[in-house]
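# Breakdown of the fold
Each chain, written out:
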Amino acid sequence: GQQVMQIPQYQHVQEGEDFTTYCNSSTTLSNIQWYKQRPGGHPVFLIQLVKSGEVKKQKRLTFQFGEAKKNSSLHITATQTTDVGTYFCAGGSSASKIIFGSGTRLSIRP
Amino acid sequence: SAVISQKPSRDICQRGTSLTIQCQVDSQVTMMFWYRQQPGQSLTLIATANQGSEATYESGFVIDKFPISRPNLTFSTLTVSNMSPEDSSIYLCSATTPTGGIGEQYFGPGTRLTVT
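Description of the structure in this document.

Conventions and cut-offs
Residues numbered from 1 in each chain as written. Chains lettered and ligands numbered in written order. Predicted model: local features only at pLDDT ≥ 70, side-chain atom pairs only at ≥ 80, totals over all residues. Heavy atoms only, no water. Helix = DSSP H or I, 4+ residues; strand = E, 2+ residues; numbered from the N terminus. Rg over C-alpha atoms; globule rule 2.2 N^0.38 Å. Buried < 20%, exposed > 50% of the residue type's maximum accessible area, 1.4 Å probe, protein only. Contact = heavy atoms within 4.5 Å. Polar contact = N/O pair within 3.5 Å; in protein donor to acceptor, adjacent residues only side chain to side chain. Core = buried A, V, L, I, M, F, W, Y, C linked by side-chain atoms within 4.5 Å. Pairing = 2+ DSSP bridges. Axes fitted to C-alpha atoms, helices over the stretch in contact; angles between N-to-C directions. Salt bridge = Lys/Arg side-chain N within 4 Å of Asp/Glu carboxyl O. Nonpolar A, V, L, I, M, F, W, Y, C, P; charged D, E, K, R; others polar.

### Side note on the overall build of chain B
Scanning chain B from terminus to terminus reveals zero helices and eleven strands. If you list the helices and strands of chain B from N to C, you get β-β-β-β-β-β-β-β-β-β-β. Taking 116 residues into account, the globule formula puts the C-alpha radius of gyration at 13 Å, and chain B, at 13 Å, falls close to it. Dimensions of chain B, computed from the C-alpha atoms along their principal axes, are close to 40 × 30 × 25 Å. Relative to its 116 residues, chain B shows a buried fraction of 52%. Within chain B, residue pairs in contact and separated by at least 24 positions form 55% of the contacts whose partners lie at least 6 positions apart.

### Description of the side chain of Thr111(B)
Residue and element names in this part refer to chain B. The topology assignment puts threonine 111 in strand β11 (residues 111-115). Here threonine 111 falls in the buried class, since its relative accessible area comes to 0%. Within polar-contact distance, the side chain of threonine 111 engages the side chain of glutamine 6 at 3.2 Å. Residues in contact with threonine 111, not counting those within four places in the same chain, are Gln6, Lys7, Pro8, Ser9, Arg10, Ile21, Ser89, Ile90 and Tyr91.

### A short note on the nonpolar core
All names here are of chain B. Counting 27 residues, the largest nonpolar core has Trp34, Ile46, Phe66, Ile68, Leu78, Tyr91 and Leu113 as its most contacted members. For this core, the secondary structure elements donating two or more residues are β3 (19-25), β4 (32-37), β5 (43-49), β8 (75-80), β9 (89-96) and β11. Considering every element that reaches this core, the biggest residue donor is β3, with four residues. If sequence neighbours within four positions are ignored, leucine 78 has contacts with Leu19, Thr20, Ile21, Trp34, Ile46, Phe66, Pro67, Ile68 and Tyr91.

### Focus: the sheet that holds strand β1 (residues 4-7) of chain A
Residue and element names in this part refer to chain A. Pairing in this open sheet of five strands is antiparallel, and the strands run β1-β3-β8-β7-β6 from one edge to the other. Two strands lie at the open edges of the sheet, namely β1 and β6 (55-58), each paired on one side alone. Pairs of neighbouring strands in the sheet enclose a mean axial angle of 15°, with direction left out of account. Sheet topology places β6 next to strand β7 (residues 61-65); four bridges connect them, and they run antiparallel. Among the inter-strand pairings, valine 55 is bridged to a residue of β7, identified as glutamine 64.

### A look at the interface of chain A and chain B
Taken together, the 17 residues of chain A in the interface contact 19 residues of chain B. At the surface where chain A touches chain B, the tally comes to one salt bridge. Salt-bridge contacts for Glu58(B) lead to Lys97(A); the nearest nitrogen and oxygen are separated by 2.6 Å. Breaking the side of chain A that touches chain B down by element, the ones donating at least two residues are β4 (31-37) and β5 (44-49) of chain A. Top element by residues in the side of chain A that touches chain B is β4(A). It accounts for three residues. Per-class residue counts for the side of chain A that touches chain B are seven nonpolar, eight polar and two charged.

### Comments concerning unusual backbone geometry
A cis amide bond links Ile7(A) to the next residue, Pro8(A), at an omega of -5°. Following the sequence through the fold, Pro8(A) ends up in the loop between β1 and β2 (10-14). In this structure, Asn82(B) is a non-glycine residue whose phi angle is positive, near 45°. Its place among the elements puts Asn82(B) in the loop between β8 and β9.

### Details of the pattern of salt bridges
All names here are of chain A. Considering all chains together, one arrives at four salt bridges over all chains under this definition. Glutamate 54 is the salt-bridge partner of lysine 56, the closest N and O atoms lying 3.8 Å from each other. Here glutamate 54 falls in the buried class, since its relative accessible area comes to 17%.

Here it is as structure tokens:
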């Protein structure tokens, strides 16, 4: 079945450093989404990418969808303590469900 | 967007018993889902709750163990039946809106279940 993997599993950075998480699907995706889950919280939708090669920005966050629509990345510039949490990508290859990636847990040293 | 509430927020149950989790959305939504998440792990889709008909279950999940109801557009229940310690997990419901599409899901706060 379809699998969505993320690397790294954990990332510990100094506040102000950049952070990137990568998402890879075993199959071609129709779209990809990114979610953030704060410790003890629930996943919160951040963004959806649909087009091959698409790049979207939200303030310090940059999201990319690969040309082959099988991979994606989330880059955070100059991390802040509020960025702490687990970032999940989720891939859609059908109209009826999405598959969540394994997640990358970001922790930050103040 | 949609605001989703779940209850109970947490429960401790004895093995062999059943627990029903309720999920209420503040606005009309299109699709509703139930997920399971072990602490520190990713989300695993249990089933899609279909309004007025049987839920669509993912591989490894069956109706006898996880009966789901969705009597209207804004409410769904998940029952965890004949519980064992392996059912200890966080159970989350989610929903999509008519304008958001399948990828834009709004999640409830979750129900933390511990089975002893």
